[in-house]
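# Notes for the structure review
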Amino acid sequence: MNQLKIVFMGTATFSEAVLKNLIQHDYNIVQVVSQPDRRVGRKKELKMPEVKVVALEHDIPVFQPQRIKDDYQAIIDMQPDLIITAAYGQMIPQEVLDCPRLGCINVHASLLPKYRGGAPVHYAILNGDEKTGVTIMYMVKKMDAGNIIYQKETPISNDETVGELYDRLSILGAEAIIEAMPAIIEGTNESIPQDESKVTYSPVISREQEKIDFNKPAVEVYNHVRGLNPWPVALTSYDDITMKVYQTRVEKGNTNKEPGTIIAVDKTGIKVSTGKDILVIEKLQFPNSKQLF
């Protein structure tokens, strides 16, 4: 359908749906750029990024530089008309941003300028947001700071996990790029500067952030748990044993117990006092064991 030469750059599972939809709509993907294969799991088996699997299934050449800032000539040599990125995972050098005549665009999993950075889906749930979406934007050297081309919004349900929302946003992003492409190709698309006064950030979740703070209200802990499920997973400790917490619910009512104190244990879960109301832990996992409850 379209002989425009497109280089696609992506690594995470979010990228897979975007690439597949571009291929299904007959866009001419001449190269897929992804991070190198990684060893994963206890057996340290070498695993290809999902976008590489898709590329090989469609006989699309794959380029996997270890450090793109030092190794990018193969992209420039393709002489692309357009570069599309989605969760690639490395900062892209200016030389690459400058090479396509139609620019370099990105599919980002938030309604920019909110949540620039590598974990926008996590923060949307951690902060108890009621809505989020995807943004198609021009890429510039500064992280996620380029002009907005197109946005697509979706509500967040109050029991949705980061994994569930991530999967929905990957599909939404795949739809959004197809909806935005005709105007981008024709040069009739919007290019709206971001409002710098409304910028917020979503840095990658640290190990310290995984720990539950029972001094906070139960609803915030509830959001914390679903905002880290299924990865990297919220953590708590008891008798020096660290456990993963996968599912909780809020029970109204306060006690005179210190936050973090176990109030009761029954078949519905473990009831824990918090800064406000009671948190009921419904699913947790001890080291080297299956989930309980």
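The notes below deal with the structure included here.

Thresholds applied
- Residues numbered from 1 in each chain as written.
- Predicted model: local features only at pLDDT ≥ 70, side-chain atom pairs only at ≥ 80, totals over all residues.
- Heavy atoms only, no water.
- Helix = DSSP H or I, 4+ residues; strand = E, 2+ residues; numbered from the N terminus.
- Buried < 20%, exposed > 50% of the residue type's maximum accessible area, 1.4 Å probe, protein only.
- Contact = heavy atoms within 4.5 Å.
- Areas by Shrake-Rupley, 256 points an atom, 1.4 Å probe, with all protein chains shown as cover.
- Lys, Arg positive; Asp, Glu negative; His and termini not counted.
- Charge placed at Lys NZ, Arg CZ, Asp CG, Glu CD.
- Core = buried A, V, L, I, M, F, W, Y, C linked by side-chain atoms within 4.5 Å.
- Pairing = 2+ DSSP bridges.
- Salt bridge = Lys/Arg side-chain N within 4 Å of Asp/Glu carboxyl O.

## A short note on the overall build of the protein chain
- Helix and strand counts for the protein chain come out as seven helices and 15 strands.
- Counting every position in the protein chain, which comprises 293 residues, the buried fraction comes to 49%.
- Partitioning the contacts of the protein chain with sequence separation of at least 6, the portion at a separation of at least 24 is 63%.
- Summing over all exposed atoms, the protein chain offers an accessible surface of approximately 14900 Å²; the carbon and sulfur share of this is 50%.
- Of the side-chain charges in the protein chain, 33 are positive and 38 negative, and the distance between the mean point of each set is 5 Å.

## Focus on the nonpolar core
- Phe 8, Leu 22, Ile 29, Leu 82, Ile 84, Ile 136 and Ile 177 are the most contacted members of the largest nonpolar core, which totals 60 residues.
- The biggest single contributor to this core is helix α6 (residues 162-186), with 11 residues.

## Brief notes about the pairing of strand β10 (residues 234-238)
- Bridge analysis of β10 against strand β11 (residues 241-251) gives five bridges, and the strand direction is antiparallel. Residue pairing in the sheet places Leu 235 in a bridge with Lys 244 of β11.
- Counting the residues between successive antiparallel strands, the hairpin from β10 to β11 contains two residues, one of them, Asp 239, with a positive phi of roughly 50 degrees.

## A word on the pattern of salt bridges
- In total, this model carries 17 salt bridges according to the counting rule given.
- Residue Glu 179 is joined to Lys 152 by a salt bridge in which the shortest nitrogen-to-oxygen separation is 2.6 Å. Residue Glu 179 is found in helix α6, and its partner Lys 152 is found in strand β9 (residues 148-155); the two are separated by 27 residues along the sequence.
- The closest approach of N and O atoms between Arg 168 and Glu 160, which form a salt bridge, is 2.7 Å.
- Overall, Glu 160 belongs to the buried group, its relative accessible area being 6%.
- The structure contains a network of salt bridges with shared partners spanning Arg 249, Glu 251, Lys 271 and Glu 282.

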